[in-house]
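Reading the structure
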Amino acid sequence: MPNGRLTSQELAERLAITRRSANYFLKAMTQTGILQVVDMHRAAGRGRPEQVYGSAAAENTDRIH
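Residues numbered from 1 in each chain as written. Predicted model: local features only at pLDDT ≥ 70, side-chain atom pairs only at ≥ 80, totals over all residues. Heavy atoms only, no water.

**Quick notes on helix H1 (residues 8–15)**
Spelled out, the test is: Only protein chains enter the calculation, and the probe is 1.4 Å; a residue is then buried if its accessible area is under 20% of its type maximum, exposed if over 50%, and partly exposed in between. Numbering of helices and strands starts at the N terminus; helices are DSSP runs of H or I of at least 4 residues and strands are runs of E of at least 2. Here, the arc refers to the directions that run from the helix axis to the C-beta atoms.
Residues of H1 that are buried include every one of Ser8, Leu11 and Ala12, and no others. The buried residues of H1 occupy an angular sector of 100° when the element is viewed end-on, so they sit on one face. Facing away from the buried side of H1, by more than 90 degrees, are the exposed residues Glu13 and Arg14. Downstream of H1 by one or two residues, alanine 16 has phi in the positive range, about 55°.

**Observations concerning the sheet that holds strand E3 (residues 50–55)**
Our working definition: Strands are treated as partners if at least two bridges between them are detected by DSSP. For this analysis, residues touch if any pair of their heavy atoms sits within 4.5 Å. Note on geometry: axes are C-alpha line fits, over the in-contact stretch for helices, and angles between N-to-C directions span 0 to 180 degrees.
Overall, antiparallel pairing links the 3 strands, which are arranged E1-E3-E2 in an open sheet. If you trace the sheet from one side to the other, it starts and ends with strand E1 (5–6) and strand E2 (35–41), each paired once. Examined bridge by bridge, E2 and E3 share 6 bridges and lie antiparallel to one another. Paired with glutamine 36 across the two strands is glycine 54, which belongs to E3. Against the sheet, helix H2 (residues 19–31) touches E2 and E3, its axis set at about 125° to E2.

**Description of the side chain of threonine 7**
Looking at the element boundaries, threonine 7 is found in the loop between E1 and H1. Not counting chain neighbours up to four residues away, the residues in contact with threonine 7 comprise Leu26, Glu50, Gln51 and Val52.

Next comes the structure, spelled out in structure tokens:
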């Protein structure tokens, strides 16, 4: 989790859960304002870009300084 950021795949691997479960938790934390999407990574080939999550508080603090 470099720079306090992570993807659903990274969270799934760290917690030994499915990626679907990781997405569920990340969505819930995003909806409550704990996390926010801070970047998008385009995977090789087809499919949706992967969202990168970070602390909403940390991002807001960076903007104040």
